[in-house]
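Working through the structure, step by step
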Amino acid sequence: MPPDSLLRHAAFTRYWVGDIASTLANQMVVLAVGWQIYDITQSAMSLGLVGLAHFGAQLLCTLPSGHVADRHDRRVVAFLCQLVQCASAALLATAYVNGWLNAQHGSALIYTCVALSAAAQTFQNPAMRSLLPSLVGESLLARSIAFHAGAKKAAIIVGPALGGAIYLLGPAAVYSSAALMFIVAGVIMSGMPAIVASRAREPATLGYVLGGLRYIVKNPILFGAITLDMFATLLGGAVALLPIYAKDILGTGPMGLGLMRSAPALGAVLASLWLVRRPLKRNVEIGRAHV
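So, here is what we can say about the structure in this document.

Thresholds applied
Residues numbered from 1 in each chain as written. Predicted model: local features only at pLDDT ≥ 70, side-chain atom pairs only at ≥ 80, totals over all residues. Heavy atoms only, no water. Salt bridge = Lys/Arg side-chain N within 4 Å of Asp/Glu carboxyl O. Buried < 20%, exposed > 50% of the residue type's maximum accessible area, 1.4 Å probe, protein only. Helix = DSSP H or I, 4+ residues; strand = E, 2+ residues; numbered from the N terminus. Expected span 1.5 Å × (residues − 1). Core = buried A, V, L, I, M, F, W, Y, C linked by side-chain atoms within 4.5 Å. Contact = heavy atoms within 4.5 Å. Axes fitted to C-alpha atoms, helices over the stretch in contact; angles between N-to-C directions. Parallel < 35°, antiparallel > 145°, perpendicular 65-115°, else oblique. Nonpolar A, V, L, I, M, F, W, Y, C, P; charged D, E, K, R; others polar. Left-handed = near helix turned anticlockwise from the far one by under 90°. Disulfide = S-S within 2.5 Å.

**Observations concerning the pattern of salt bridges**
Under the criterion given, the structure shown has 4 salt bridges. Of the charged contacts in the structure, one is a salt bridge between R75 and D73, with a shortest N-O distance of 2.9 Å. A relative accessible area of 34% means that D73 is categorised as partly exposed.

Structure below.
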């Protein structure tokens, strides 16, 4: 296969388009939920509870999600996750149209939908990541990972800005658009070729489920990197408060909030491009010596 034929690879193209569509939809929903919950409640605590609902669902589903990805058809897992996220977005759109999202009852419904979407994303991630190597093969794996990662980062940049622009038509427009994109992503993912790997399966014991944690703890470099990333993620959750800055401090609207949410991903891309041209040279060999 020629070096420039990555997008001619039908299986990878389906995988790539489906995952990017899902990422765009997710970013749009996150933007709309943040702006709407603050618009309804005018409470920083409510924004924090949205983050808690998201984090709590991820924490509860992290261990079983890997088990499900190992034991079941990953295409089916990804498709079902799109359906759950589509249902959550459609429920939010229906709730807004019918006037259910108010200061008294709207918050609980939003928290529930956020938790359902977060749980679906948690099950989707290991299924999609483990599916890619079996789709493209070893020769194209490195290029496909790099290409997909760059495109996904672009979707994280574009998604909030797109959601902010659509929000000018109303929250229901954002949720409906996201629901449609989740459906498209699910259909595309379900059309990926079936890859059946013959391998021995261990019994579904607690030790099997916790095997990944034991492996991380026994590898100091991996444990340190993951711990650092965990704290960075926890502290980086302050972006959940951006609706307060956008509305009360900067006096902008959902479009401005979308641009603010896009900025961290844009900065990450620019930093990556800088490191590609000027890679780290000091103290790198010391780190390699311990690998």
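**Focus on helix α4 (residues 106-136)**
In this model α4 runs 44 Å from its N-terminal to its C-terminal C-alpha over 31 residues, within 8% of the 45 Å that 1.5 Å per residue would give. Looking one or two residues past α4, G137 carries a phi angle of roughly 85 degrees, positive in sign.

**A word on the nonpolar core**
A general tendency of soluble globular proteins is for nonpolar side chains to be buried together. Counting residues in hydrophobic clusters, the biggest one holds 39 residues, and the most contacted among them are V29, V33, I110 and Y175. If you list the elements that add at least two residues to this core, you get α1 (10-41), α2 (44-71), α3 (74-97), α4, α5 (138-167), α6 (171-190) and α10 (242-249). Among the elements that line this core, the one with the most residues is α1, at 12 residues. In this view, I110 contacts V33, I37, I40, L92 and L101; residues no more than four positions away in its chain are not counted. Core analysis: the second largest hydrophobic core is formed by 14 residues, A11, A78, L140 and M189 among them.

**Section: the packing of α5 against α6**
Running from N to C, α5 and α6 point in directions that differ by 135 degrees, and their axes come no closer than 7 Å. Taken together, the axis directions place α5 and α6 in an arrangement best described as oblique. For the pair α5 and α6, contact is made by G163, I166 and Y167 and by P171, A173, V174 and S177, respectively. Its residues placed into classes, the contact of α5 with α6 shows 5 nonpolar, 2 polar and no charged.

**A closer look at the packing of α2 against α4**
Where α2 meets α4, the axes come as close as 7 Å, and the angle between the chain directions of the two elements is 35 degrees. α4 is crossed by α2, and the crossing has right-handed handedness. Of the residues belonging to the contact of α2 with α4, the class tally is 16 nonpolar, 9 polar and no charged.

**Description of the state of the cysteines**
In total, this model carries 0 disulfides according to the counting rule given. Looking at C61, it has no disulfide partner, and the nearest cysteine sulfur is the one in C81, 9.5 Å off.

**A short note on the environment of V17**
Tracing the backbone shows V17 in helix α1. Take V17: its relative accessible area is 32%, and that puts it in the partly exposed class. Sequence spacing of V17 and V184 is 167 residues, and the spatial spacing of their C-alpha atoms is 9.4 Å.

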